[in-house]
Amino acid sequence: MPSLPRRVAQLLCLLLIVAVPGSAGAQKPVVAAASDLSFALIEISEGFTRETGQQVELVFGSSGTLARQISDGAPFELFLSADESFVQQLATAGLTRDGGALYAVGRIVLFAPVGSPMRPDDGLAGLRRLLAAGKVTRFAIANPQHAPYGRAAEAALRKAGLWADLQPKLVLGDNVSQAAQFATTGDAVGGIIAYSLVLAPTLTGRGTYALIPDTDHPPLRQRMVVLKRAGPAAGRFYEYLQGASARGIFQRFGFVLPQ
Amino acid sequence: MDWSAAYVSVALGVTTVGLLLPAGIWAGHALARRHFRGKAIVEAAIAIPLILPPTVLGFYLLHAFSTGSALGAAFQQVMGHALAFSFPGLVLASAVANIPFVVQPIQRAFESVPADVREAAACCGLTPWQRFVRIEAPLAWPGILTAAILAFAHTLGEFGVVLMVGGNIPGETRTLSIAIYDRMQAFDDRGAAQMAALLLVTVVAALAVTMALGQRVNRRG
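Everything in this summary refers to the structure shown in the same document. (Residues numbered from 1 in each chain as written. Chains lettered and ligands numbered in written order. Predicted model: local features only at pLDDT ≥ 70, side-chain atom pairs only at ≥ 80, totals over all residues.)

**Some points on the overall build of chain B**
Scanning chain B for helices and strands turns up 10 helices and 0 strands. The linear arrangement of helices and strands in chain B, starting from the amino end, is α-α-α-α-α-α-α-α-α-α. Here the C-alpha coordinates of chain B stretch approximately 65 × 40 × 25 Å along the principal axes. Buried residues in chain B amount to 44% of all 221 residues. Look at the contacts in chain B between residues 6 or more apart in sequence, and 74% of them connect residues 24 or more apart. (Helix = DSSP H or I, 4+ residues; strand = E, 2+ residues; numbered from the N terminus. Buried ≥ 20, exposed ≤ 12 C-beta atoms within 10 Å, placed from the backbone. Contact = placed C-beta atoms within 7 Å.)

Here you go:
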């Protein structure tokens, strides 16, 4: 039956022609955003789409990973970083339109899932006691090497003198959203994650949390920037992000707004 | 369920198979028939993506795709956008990662075609091309189909290379396996579960077909 391989070959060729994705993403600007914005930015972009009819594609990741992808040529048009340094790096490399705008200041929280022996209200001192009692199974933070929220968590743990002792217990999320996922599941006693994530409806009821004083870590000054390749739609979304309704949502998700 | 991710996955699988199958049939046939110096080295080189950590492959491919390299710069010149983090770049990466999955089953299939059958065909006056089309390819087709199915299923499951070379761009480089990872991080376990189930069913079905074809070959032998 020599016709069967031929038929298979014909089918493959047909699929090949039909299947290759077109430039469907061309009309929708792709926005790269730090993971602490996972829930807030979805709400903001929905409002933007309602008002303007313009849709945007959101890609979340750690600011460091996204900045690296942008410098390697990823097709993002707008970048919302969780800190300033990555935006400055891209600006120095000539990949941005300008120096960008500060859009929010982030906060970190100590989070304990339901059933954890840790009481976030006791602060990092409580974590120290738990650690001394050998009751810390795992503790989740974002990877400090490329996630700003991980850096803030590391700074707070260092200031509390816990960094060295906690090392063997740390689980590192690729970004703060994954750190939150690690903190809520498995056998972790908790973690240090973004305030904006614990305020999201998806996380309510999954545990308790307490804010870590913002004097315990360098401020998470979150800057966004329009990239060189951006079209007009990305520019409009950038403006919208600085408008009243976007600022209201940022505030509701626990961000401190720049003046 | 992220249907655009399912679409990207299927498109990537089909394109990879469509690109690799002709080359794989040629290479598999050549490796089964010819004996030359350094054949063992060629066979080992083909097997490299099988055991190389995907991050190593991803690292080298990302460098090869960057606008600093000759390949990346040429692509940028012609297409106006970077090869990294684009669908064509993903296809190229996936093709490299799947070479052994295509070449090896096809080589085994051609090797199992009995020499006396080929000699008889030659004695009947068939040219090498006629022998290939009328005798060898029909006898080897279960192996060829196995190669196509394996490469397709493996492409659906590929994670490390896709994440490094493709990023996570919706509708362009976000495949199902990346979307599952993405949904988990967004606390959307339901969405992740649906896509995971879809991949599980697809891969089990692919394996069932592959094994059925294998039995068919064994019966014949």
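What follows continues from the structure just given.
**A few points about the overall build of chain A**
Check the secondary structure of chain A and you find 11 helices and 10 strands. Among the 259 residues that make up chain A, the fraction classed as buried is 49%. Considering only contacts within chain A whose residues lie at least 6 apart along the sequence, 77% involve residues at least 24 apart.

**Details of the packing of helix H6 (residues 115-123) of chain B against helix H7 (residues 128-157) of chain B**
All names here are of chain B. The contact between H6 and H7 brings their axes to 11 Å, and the two run at 140°. Classed by the angle they form, the pair H6 and H7 counts as oblique. Judged by the twist between their axes, the crossing of H6 over H7 is right-handed. Side by side, H6 and H7 meet where Val117, Arg118, Ala121 and Ala122 of the first sit next to Arg131, Ile135 and Glu136 of the second. (Axes fitted to C-alpha atoms, helices over the stretch in contact; angles between N-to-C directions. Parallel < 35°, antiparallel > 145°, perpendicular 65-115°, else oblique. Left-handed = near helix turned anticlockwise from the far one by under 90°.)

**Things to note about the sheet that holds strand S7 (residues 170-173) of chain A**
Residue and element names in this part refer to chain A. Taken in spatial order, the 5 strands of this open sheet run S7-S6-S8-S5-S9, and their pairing is mixed. Edge positions in the sheet fall to S7 and strand S9 (207-211), since each of these pairs with one other strand and no more. Between one strand axis and the next, the sheet turns by 25° as a mean value, whatever way the strands run. Sheet topology note: the strand S5 (residues 108-113)/S9 ladder contains 5 bridges and is antiparallel. The residue bridging phenylalanine 111 from the neighbouring strand is tyrosine 209, located in S9. In the packing of helix H6 (residues 148-159) onto the sheet, the strands contacted are S5, strand S6 (138-142) and strand S8 (188-194), and the crossing angle to S6 comes to about 130°. (Pairing = 2+ DSSP bridges.)

**Remarks on helix H9 (residues 176-185) of chain B**
A large share of H9 of chain B lies buried, amounting to 8 of its 10 residues. Those residues of H9 of chain B lying buried are Leu176, Ser177, Ile178, Ala179, Ile180, Asp182, Arg183 and Gln185 of chain B.

**Here we look at the sheet that holds strand S4 (residues 101-106) of chain A**
All names here are of chain A. In spatial order, the strands read S2-S1-S3-S10-S4; together these 5 strands make up an open sheet with mixed pairing. The strands lining the two open edges of the sheet, one partner per strand, are strand S2 (57-61) and S4. Sheet twist, expressed as the mean angle between neighbouring strand axes with direction ignored, is 20°. The pairing of strand S1 (residues 30-34) with S2 spans 5 bridges and is classified as parallel. Each bridged residue has a counterpart across the sheet, and for alanine 32 the counterpart in S2 is valine 59. Across the sheet, helix H10 (residues 232-241) is in contact with S1, strand S3 (78-80), S4 and strand S10 (220-226); its angle to S10 comes to roughly 150°.

**Some points on the nonpolar core**
Most often, soluble globular proteins keep nonpolar side chains buried together rather than apart. Judged by nonpolar contacts, the single largest core of 139 residues is most densely connected at Val31, Leu78, Phe79, Ile108, Tyr149 and Ile193 of chain A together with Val165 of chain B. Top contributing element to this core by residue count: helix H5 (residues 87-111) of chain B, with 13 residues. Per-domain counts for this core show at least three residues from each of domain 1 (27-105 + 220-252) and domain 2 (106-216) of chain A. (Core = buried A, V, L, I, M, F, W, Y, C linked by C-beta atoms within 7 Å. Domains from an automatic or database assignment.)

**Remarks on the packing of helix H1 (residues 3-33) of chain B against H7 of chain B**
Residues and elements named next belong to chain B. Where H1 meets H7, the axes come as close as 9 Å, and the angle between the chain directions of the two elements is 145°. Along this stretch, H1 crosses H7, giving a crossing that reads as right-handed. Along the contact surface, H1 presents Ser9, Leu12, Gly13, Thr16, Val17, Leu20, Leu21, Gly24 and Ile25, while H7 presents Ile144, Ala147, Ala148, Ala151, Phe152, Thr155 and Leu156. Of the residues assigned to the contact of H1 with H7, the class counts are 11 nonpolar, 5 polar and no charged. (Nonpolar A, V, L, I, M, F, W, Y, C, P; charged D, E, K, R; others polar.)

**Some thoughts on helix H2 (residues 40-52) of chain A**
Residue and element names in this part refer to chain A. Between the first and last C-alpha of H2 there are 18 Å, a value that for 13 residues agrees with the 18 Å anticipated at 1.5 Å per step. Along H2, the residues classified as buried are Ala40, Leu41, Ile44, Ser45 and Phe48. When H2 is viewed along its axis, its buried side chains cluster within an angular range of 120° and face the same direction. Tucked into the core, H2 has its buried residues touching S1, S2, helix H9 (195-198), H10 and helix H11 (244-252). Of the residues flanking the end of H2, it is glycine 53, one or two places downstream, whose phi is positive at about 80°. (Expected span 1.5 Å × (residues − 1). Arc of directions from axis to C-beta.)

**Observations concerning the pairing of S2 of chain A**
Buried residues dominate S2 of chain A, accounting for 4 of its 5 residues. In terms of handedness, the path from S1 of chain A via H2 of chain A over to S2 of chain A forms a crossover that is right-handed. (Right-handed = clockwise from strand over helix to strand, strands pointing away.)

Interpretation note: all reported values are geometric properties and have no functional meaning in isolation.
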